[in-house]
Amino acid sequence: NAGVTQTPKFRVLKTGQSMTLLCAQDMNHEYMYWYRQDPGMGLRLIHYSVGEGTTAKGEVPDGYNVSRLKKQNFLLGLESAAPSQTSVYFCASTLTVNTEAFFGQGTRLTVV
Amino acid sequence: QQQVKQSPQSLIVQKGGISIINCAYENTAFDYFPWYQQFPGKGPALLIAIRPDVSEKKEGRFTISFNKSAKQFSLHIMDSQPGDSATYFCAASMTNSGYALNFGKGTSLLVTP
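As the structure is a computational prediction, the values presented were derived from the model and not from experiment. (Residues numbered from 1 in each chain as written. Chains lettered and ligands numbered in written order. Predicted model: local features only at pLDDT ≥ 70, side-chain atom pairs only at ≥ 80, totals over all residues. Heavy atoms only, no water.)

Novice: Describe the interface of chain A and chain B, and please don't skip the residues or the numbers.
Specialist: Often, the extent of an interface is quoted as the loss of accessible area upon association of its parts. Contact residues are listed per partner, giving 20 residues for chain A and 20 residues for chain B. Of the roughly 1700 Å² buried between chain A and chain B on both sides combined, carbon and sulfur atoms contribute 55%. The tally of links from chain A across to chain B stands at zero salt bridges. One can count seven residue pairs in polar contact (both at pLDDT 80 or more) joining chain A with chain B. Where the side of chain A that touches chain B is concerned, the elements lending two or more residues are β4 (31–38) and β5 (42–49) of chain A. Taken together, the residues that form the side of chain A that touches chain B break down as twelve nonpolar, seven polar and one charged. (Contact = heavy atoms within 4.5 Å. Buried area = accessible area lost by both parts, 1.4 Å probe. Salt bridge = Lys/Arg side-chain N within 4 Å of Asp/Glu carboxyl O. Polar contact = N/O pair within 3.5 Å; in protein donor to acceptor, adjacent residues only side chain to side chain. Helix = DSSP H or I, 4+ residues; strand = E, 2+ residues; numbered from the N terminus. Nonpolar A, V, L, I, M, F, W, Y, C, P; charged D, E, K, R; others polar.)

Novice: Any chance you could break down the nonpolar core for me, citing the residues and the numbers?
Specialist: In terms of nonpolar packing, the biggest core is built from 25 residues, with Phe33(B), Trp35(B), Phe73(B), Leu75(B), Tyr88(B) and Leu109(B) touching the most fellow members. Only β2 (10–14), β3 (19–25), β4 (33–38), β5 (45–50), β7 (62–67), β8 (72–77), β9 (86–92) and β11 (107–112) of chain B provide two or more residues apiece to this core. When residues in this core are grouped by element, the largest group, four residues, is from β9(B). With near-sequence residues (within four places) excluded, Leu75(B) lies in contact with Ser19(B), Ile20(B), Ile21(B), Trp35(B), Leu47(B), Ile48(B), Phe62(B), Thr63(B) and Tyr88(B). If you look at the next biggest cluster of nonpolar residues, it comprises 20 residues, including Val88(A), Phe103(A), Tyr36(B) and Phe89(B). (Core = buried A, V, L, I, M, F, W, Y, C linked by side-chain atoms within 4.5 Å. Buried < 20%, exposed > 50% of the residue type's maximum accessible area, 1.4 Å probe, protein only.)

Novice: Give me the lowdown on the sheet that holds strand β7 (residues 64–67) of chain A, citing residues and values where you can.
Specialist: Residue and element names in this part refer to chain A. If you walk across this open sheet you meet the four strands as β1-β3-β8-β7, and the pairing is antiparallel. Pairing within the sheet leaves two strands with one partner each, and these edge strands are β1 (4–7) and β7. In this sheet, neighbouring strand axes are inclined to one another by 20° on average, regardless of whether the strands run parallel or antiparallel. Pairing of β1 with strand β3 (residues 19–25), which is carried by four bridges, proceeds in the antiparallel orientation. Its bridge partner lying in β3, Thr 7 is registered against Leu 22. (Pairing = 2+ DSSP bridges. Axes fitted to C-alpha atoms, helices over the stretch in contact; angles between N-to-C directions.)

Novice: Talk me through the state of the cysteines; I want residue IDs and the actual numbers.
Specialist: All names here are of chain A. Taken as a whole, this structure holds two disulfides over all chains when the rule is applied. Between the sulfur atoms of Cys 23 and its disulfide partner Cys 91 the distance amounts to 1.9 Å. Residues Cys 23 and Cys 91 are joined through a disulfide that is left-handed, its torsion about the S-S bond being -75°. Of this pair, Cys 23 sits in strand β3 while Cys 91 sits in strand β9 (residues 87–94), placing them 68 residues apart in sequence. (Disulfide = S-S within 2.5 Å.)

Remember, this is a structural readout, not a statement about activity or role.
As structure tokens, then:
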């Protein structure tokens, strides 16, 4: 089992460029999440999904969009990257509410 | 608004000592309190979790103490080892509304030989 896989692992973007981060899970989990991790800030929720075709905003959704067209995939998009979006992005999934969250290895994004 | 407050921000403990990390929350609707461990370059991984119907849960050298009336919970690492050096995050979530974990800001633990 691969668990939760994120691609890419590293990326450098120029201000204004767009990109999509892909998260794939093979555990048949219903819930998926995107977090960003910044030094001294912990993990902050960007968007989440409680099932295929559903998405919802988290704590810091501005500048990001998401889609969950297939149950196993959760995509995070940056339409016009800004230096403030330089961060490490983590995808996670859970089977149901209040159960173990499985995290991917993270994507380190730098916007210059 | 930080819903879960974690302290200390960093901690240095000698090998064999006890590491203690504390968390506090305000929302009494939280009903699931996990701790995650993160090594550099890796994603967080579940270490241990507790629900509010018990006051303590122990798994090996790791213990969660939970004080519902004080709205506080803590992680105790007994006989700390250099391999325990990592960042630890407490978190809280609720069943009935909102499904995602609310994380504390993390504690960087260094266990010296």
